[in-house]
Amino acid sequence: QVQVVESGGGLVQAGGSLSLSCAASGSIFSINDMGWYRQAPGSQRELVARITRGGGASYSDSVKGRFAISRDNAKNAVYLQMNSLKPEDTAVYYCNADVLYGVRGSYTYWGRGTQVTVSS
């Protein structure tokens, strides 16, 4: 069993910064990609940023240049530094981890999310 837990959400004024953390634990041999997604009320869950095991990062256009994703493979952790926050960044932020099971393939585990609220 694998658990994925996010932390670091909260309330911040527009223009401010927040840092999110996510750690996977349990029966893990290796993790491939890890990512951050978000879901605002009444909207579908959308990709924010993803990072490969080797550190290759990709971002949605809406956060490019403002957010930075990083990871620590030894800790099975991924981080999201969010700068220049805007009210439209308000959402529940979810972390996921693609856990590798060798010849059995992989499985994506999700966290329960952490609320980020940006006031204008």
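Structure's up top.
Just so you know, these numbers come straight off a predicted model, no measurement behind them.

(A) Structural context of the sheet that holds strand β3 (residues 18–26). Across the sheet, 4 strands lie side by side as β1-β3-β8-β7; this open sheet has antiparallel pairing. A single partner strand is all that each edge strand has here, and the edge strands are β1 (2–7) and β7 (67–72). Direction aside, the axes of adjacent strands within the sheet are offset by 15 degrees on average. Relative to strand β8 (residues 77–82), β3 runs antiparallel, the two being bridged by 6 bridges. Following the sheet pairing, Ser21 is matched in β8 by Tyr79.

(B) Fine view of the state of the cysteines. Under the defined criterion, the tally for this structure stands at 1 disulfide. Put simply, Cys22 and Cys95 are joined by a disulfide, and their sulfur atoms are 2.0 Å apart. Judged by the torsion about the S-S bond (-75 degrees), the Cys22/Cys95 disulfide is left-handed. Residue Cys22 is located in strand β3, and its partner Cys95 is located in strand β9 (residues 91–100); the two are separated by 73 residues in the primary sequence. For Cys22, a relative accessible area of 2% translates into the label buried.

Cut-offs used in this document
Residues numbered from 1 in each chain as written. Predicted model: local features only at pLDDT ≥ 70, side-chain atom pairs only at ≥ 80, totals over all residues. Heavy atoms only, no water. Pairing = 2+ DSSP bridges. Helix = DSSP H or I, 4+ residues; strand = E, 2+ residues; numbered from the N terminus. Axes fitted to C-alpha atoms, helices over the stretch in contact; angles between N-to-C directions. Disulfide = S-S within 2.5 Å. Buried < 20%, exposed > 50% of the residue type's maximum accessible area, 1.4 Å probe, protein only.

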